[in-house]
Amino acid sequence: PNGHFSSKWPHVEWRFGSIGSYPTVIDHLPVNSVVCINPPFTEAYLADVMARLAELKLRFRLRMAVPILEAPWRKKLHSSLPVPQLLKTYYDATAETPADVLHPTLLWEDPRCPPRPSTQHEKGLGDGTVITSAPPLVPMGRMDGSLASMVETSQTDQPLRDDRRLIL
């Protein structure tokens with residue numbers, strides 16, 4: 001990450017690296033950039049991001065974290081985000097430590113993204129799915145078995161929190 005992100009309050013958060021608000025900022029990003037998407041886990045933000053997903057995938061190299069929620073866009077997770085990983089933790093920069101993910105969350109990385117160091121916290125599910133506590137190298141296999149059934153049938157709780165951001 002380059003320390004830049006889009007935010008709900010860019011007029012205040014510019015001091016911390018905000019380059020504007022979503023979705024307006026999308027038009028200012030260079031084509032073929034690596035864009036990390038971790039939207040607020042709210043119905044409105046997630047619906048908007050998922051409605052733009054095809055366009056975003058064509059324009060950018062994406063790394064995307066998205067919760068597995070009961071929502072109209074859920075059915076397209078399987079086809080739109082092939083070979084995802086199931087996240088178990090996020091890095092909490094404030095506490096400088098990993099924090100458990102409270103909701104089933106997928107991580108999808110575009111195969112065109114540059115590789116990143118693998119983590120020692122990866123575990124395979126035997127169906128090509130990787131459970132990870134930090135994003136590993138480009139995932140292997142395809143979404144089937146336990147992860148596919150989770151995407152198609154799992155029930156989840158309310159959104160984790162409202163301050164997730166599109167990170168660049």
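Right above here is the structure, for reference.
Since the model is a prediction, treat every value here as computed from it, not as a measurement.

A few words on unusual backbone geometry. With an omega of 5°, the peptide bond running from Tyr 22 to Pro 23 counts as cis. Mapping Pro 23 onto the fold places it in the loop between strand E2 (18-20) and strand E3 (34-37). Positive phi outside glycine occurs at Val 83, with the angle close to 60°. As for its position among the elements, Val 83 is in the loop between helix H3 (77-80) and strand E5 (85-92). Residue Val 83 is classed as buried on the basis of its relative accessible area of 19%. Phi is positive for Glu 96, close to 55°, though the residue is something other than glycine. Mapped onto the elements of the fold, Glu 96 is located in the loop between E5 and strand E6 (97-109). Since its relative accessible area comes to 63%, Glu 96 is described here as exposed.

Right, let's talk about the packing of aromatic side chains for a bit. For the coordinates displayed, the defined rule picks out one aromatic pair. One cation-aromatic arrangement involves Lys 57 over Trp 108; the distance from NZ or CZ to the ring centre is 4.8 Å.

This part covers helix H2 (residues 43-59). Three- or four-residue spacings in an α-helix give side chains the same orientation, since the helix completes a turn every 3.6 residues. The end-to-end C-alpha distance of H2, which contains 17 residues, comes to 24 Å, matching closely the 24 Å that a straight helix rising 1.5 Å per residue would cover. Along H2, the largest kink reaches about 55° and is centred on Leu 53. The complete set of buried residues in H2 reads Leu 46, Val 49, Met 50, Leu 53, Leu 56 and Arg 59. Residues of H2 that are buried sit in contact with E3, strand E4 (61-67) and H3.

Per the counting criterion, the structure on display carries five salt bridges. Of the charged contacts in the structure, one is a salt bridge between Asp 48 and Arg 52, with a shortest N-O distance of 2.7 Å. With a gap of four residues between them, Asp 48 and Arg 52 both fall in helix H2, about one helical turn apart. Assessed through its relative accessible area of 25%, Arg 52 is described here as partly exposed. Here Arg 63 ties to Glu 109 by a salt bridge, and the two come within 2.7 Å at their closest N and O atoms. In this pair, Arg 63 sits in strand E4 while Glu 109 sits in strand E6, placing the two residues 46 residues apart along the sequence. In this pair, the class of Arg 63 matches that of Glu 109, namely buried.

Topologically, His 4 is positioned in the segment before strand E1 (5-6). For the pair His 4 and Gly 17, spaced 13 residues apart in the sequence, the C-alpha separation amounts to 4.6 Å. At a separation of 3.3 Å, a polar atom in the side chain of His 4 contacts the main-chain carbonyl oxygen of Gly 17.

Each value, and the rule that gives it
- Residues numbered from 1 in each chain as written.
- Predicted model: local features only at pLDDT ≥ 70, side-chain atom pairs only at ≥ 80, totals over all residues.
- Heavy atoms only, no water.
- Helix = DSSP H or I, 4+ residues; strand = E, 2+ residues; numbered from the N terminus.
- Buried < 20%, exposed > 50% of the residue type's maximum accessible area, 1.4 Å probe, protein only.
- Phe/Tyr/Trp six-rings, centres within 6.5 Å; stacked < 30°, edge-to-face > 60°.
- Lys NZ or Arg CZ within 6 Å of the ring centre and 35° of its normal.
- Expected span 1.5 Å × (residues − 1).
- Bend = angle between axes of the 7 residues up to and from the residue.
- Contact = heavy atoms within 4.5 Å.
- Salt bridge = Lys/Arg side-chain N within 4 Å of Asp/Glu carboxyl O.
- Polar contact = N/O pair within 3.5 Å; in protein donor to acceptor, adjacent residues only side chain to side chain.

That is the geometry; function is a separate question.
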